[in-house]
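What follows is the residue order along each chain.
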Amino acid sequence: IQPGANLAALLQLLRPVILKAGTPRCGIVHRLDRQTSGALVVAKDPETYEALVRAFKERLVEKTYRAVVRGVPPGASRVQAPIGRVAGNRRIVVTPMGRNAETSFKVLSKKKAAALVEAKPLTGRTHQIRAHLAYIGHPVMGDPEFDPPASGKAVPARMMLHAWRLGFAHPANGRPALFVAEPPADFKRFWKSLP
């Protein structure tokens, strides 16, 4: 695989049966931000793809993320704040003109000036977790939109957001399906390096 190859190119190379079945978008059911690591759902055939897309749209998929955030939030919380784009700005932010969005947060571990947070988006808006954490004053460390580098701040090589767990009813049999992706080495290493 060439450097810079994307997931769709990898799927075409390694799982050609998905293309032969005519599955839309190479079977990729949902997306993650470019710098976000973690679990991603890929369907093998068009019927499964449609069922999973519908489950995401109807909020029947339980999504759980892990994030290293700047500062220490006050324990568990729930943020209900509309997010969207402000005119003339491509960045997604909390704005009264946005669409309803809700995220629950729980602090898993604390450091001197950072926390490891579990985030569960209860709605499915673009950049929702990032916008809500920035709104409450605890941006994801390394977030290019909300956590600009500054002297004296710990700066990771990428945004410290990880799609940790996905749960849904399997389209083929209706049984609960749960997928967990442990945080990658760079995520763990950065968290461990913080004072």
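Everything in this summary refers to the structure shown in the same document. (Residues numbered from 1 in each chain as written. Predicted model: local features only at pLDDT ≥ 70, side-chain atom pairs only at ≥ 80, totals over all residues. Heavy atoms only, no water.)

### Description of the overall build of the protein
Counting secondary structure elements, the protein contains 5 helices and 9 strands. Whereas a compact globule of 195 residues would reach a radius of gyration of roughly 16 Å, the protein reaches 18 Å, a difference of no more than 12%. Taking the principal axes of the C-alpha coordinates as reference, the protein spans close to 50 × 40 × 40 Å. Among the 195 residues that make up the protein, the fraction classed as buried is 43%. Of the contacts formed within the protein by residues at least 6 apart in sequence, a portion of 59% connects residues at least 24 apart. Total accessible area on the protein stands at roughly 11000 Å², and carbon and sulfur atoms take up 54% of it. The averaged location of the 13 negative side-chain charges in the protein is 4 Å from the averaged location of its 31 positive side-chain charges. (Helix = DSSP H or I, 4+ residues; strand = E, 2+ residues; numbered from the N terminus. Rg over C-alpha atoms; globule rule 2.2 N^0.38 Å. Buried < 20%, exposed > 50% of the residue type's maximum accessible area, 1.4 Å probe, protein only. Contact = heavy atoms within 4.5 Å. Areas by Shrake-Rupley, 256 points an atom, 1.4 Å probe, with all protein chains shown as cover. Lys, Arg positive; Asp, Glu negative; His and termini not counted. Charge placed at Lys NZ, Arg CZ, Asp CG, Glu CD.)

### Re the side chain of T64
Looking at the element boundaries, T64 is found in strand 2 (residues 62-70). Judged by its relative accessible area of 0%, T64 falls in the buried class. If near-sequence neighbours (up to four positions away) are discounted, T64 is found in contact with E118, A119, K120, H162, A163, W164 and R165.

### Quick word on the environment of P156
Relative to the helices and strands, P156 resides in the loop between helix 4 (128-135) and strand 8 (161-169). Judged by relative accessible area, P156 falls into the buried class, the value being 10%. In this structure, the C-alpha to C-alpha distance between P156 and R189, residues 33 residues apart in sequence, is 9.8 Å. Apart from the residues lying within four places of it in its own chain, the contact partners of P156 are M141, G142 and F190.

### What about the pattern of salt bridges?
Per the counting criterion, the structure on display carries 11 salt bridges. For the salt bridge of D33 with R130, the shortest nitrogen-to-oxygen distance reads 3.0 Å. Placement of D33 in the loop between helix 2 (16-20) and strand 1 (37-38) and of R130 in helix 4 is noted, with a sequence separation of 97 residues between them. A residue is classified by how much of its surface remains accessible, and D33, at 14% relative accessible area, is buried. One salt bridge connects R90 with E145, and the closest N-O pair in it is separated by 2.8 Å. One end of the pair, R90, is in the loop between strand 4 (83-85) and strand 5 (92-94); the other, E145, is in the loop between helix 4 and strand 8, with 55 residues separating them in the sequence. (Salt bridge = Lys/Arg side-chain N within 4 Å of Asp/Glu carboxyl O.)

### Remarks on the pairing of strand 8
The buried count for strand 8 comes to 8 of 9 residues, which makes it a mostly enclosed element. Relative to strand 8, strand 1 runs parallel, the two sharing 2 bridges. Residue G38 lies in a different strand from strand 8, and its bridge partner there is A163. Bridge count for strand 2 against strand 8 is 6 bridges, and the pairing is antiparallel. When the bridges of strand 8 are listed, K63 appears paired with L166. Bridge analysis of strand 8 against strand 9 (residues 176-180) gives 5 bridges, and the strand direction is antiparallel. Bridge assignment links R165 to a residue of strand 9, and that residue is V180. (Pairing = 2+ DSSP bridges.)

### Brief notes about a nonpolar patch on the surface
There is a patch of nonpolar side chains on the surface, built from L7, L40 and V42 and spanning about 180 Å² of accessible area. Summarising the element assignment, V42 is placed in the loop between strand 1 and helix 3 (46-57). Assessed through its relative accessible area of 31%, V42 is described here as partly exposed. (Patch = residues over 30% accessible without salt bridge, like charges linked within 9 Å, V, L, I, M, F, W, Y side chains within 5 Å.)

### Some points on the side chain of T103
Considering the arrangement of structural elements, one finds T103 in strand 6 (residues 102-110). According to the relative accessible area criterion, T103 is buried, its value standing at 0%. For T103, the side chain forms a polar contact with the side chain of H132, separated by 2.8 Å. Ignoring sequence-local partners within four residues, the contact set of T103 consists of S77, R78, V79, A119, K120, P121, L122, Q128, I129 and H132. (Polar contact = N/O pair within 3.5 Å; in protein donor to acceptor, adjacent residues only side chain to side chain.)

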